[in-house]
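Observations on the model geometry
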Amino acid sequence: ALERGDNMTMNISNGTGTTVNEIFDALKEVLYFSQEAIRKPLRAGEVHAITCDNTLAKKTLGWSPEVGLQEGLEATIAQMRG
């Protein structure tokens, strides 16, 4: 990305839709968090669903995801913990 893309903005994701609840559950497991999520009604204008498209990253950088959400979170937390 430092050598290609001419400072373009592009999506970097696993290319599949993931709910906020799925992200919370994955983080809960990786962090050994025992509390339940606090759920509230959607606010007016809040985005209900979005999925990132990696097409530009694949075309411009030759990049594609190699790990899933759980594995990526585990690796990120492990790096943060040292």
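Since we're looking at a predicted model, the values are computed, not measured. (Residues numbered from 1 in each chain as written. Predicted model: local features only at pLDDT ≥ 70, side-chain atom pairs only at ≥ 80, totals over all residues. Heavy atoms only, no water.)

1. A few points about helix H1 (residues 20-31)
- The end-to-end C-alpha distance of H1, which contains twelve residues, comes to 16 Å, matching closely the 16 Å that a straight helix rising 1.5 Å per residue would cover.
- Among the residues making up H1, those that are buried are Ala26, Lys28 and Val30.
- On its buried side, H1 packs onto helix H3 (69-81).
- Tyr32 occupies a position one or two residues after H1 and carries a positive phi of about 55 degrees. (Helix = DSSP H or I, 4+ residues; strand = E, 2+ residues; numbered from the N terminus. Expected span 1.5 Å × (residues − 1). Buried < 20%, exposed > 50% of the residue type's maximum accessible area, 1.4 Å probe, protein only. Contact = heavy atoms within 4.5 Å.)

2. Concerning the side chain of Asn54
- Relative to the assigned elements, Asn54 resides in the loop between H1 and helix H2 (55-61).
- Residue class for Asn54 comes out buried when judged on its relative accessible area of 5%.
- A polar contact is formed between the side chain of Asn54 and the backbone oxygen of Ser13, at a distance of 2.8 Å.
- Excluding its chain neighbours within four sequence positions, the residues that come into contact with Asn54 are Asn11, Ile12, Ser13, Asn14, Gly15, Trp63 and Pro65. (Polar contact = N/O pair within 3.5 Å; in protein donor to acceptor, adjacent residues only side chain to side chain.)

Any functional reading would require information beyond the geometric quantities listed.
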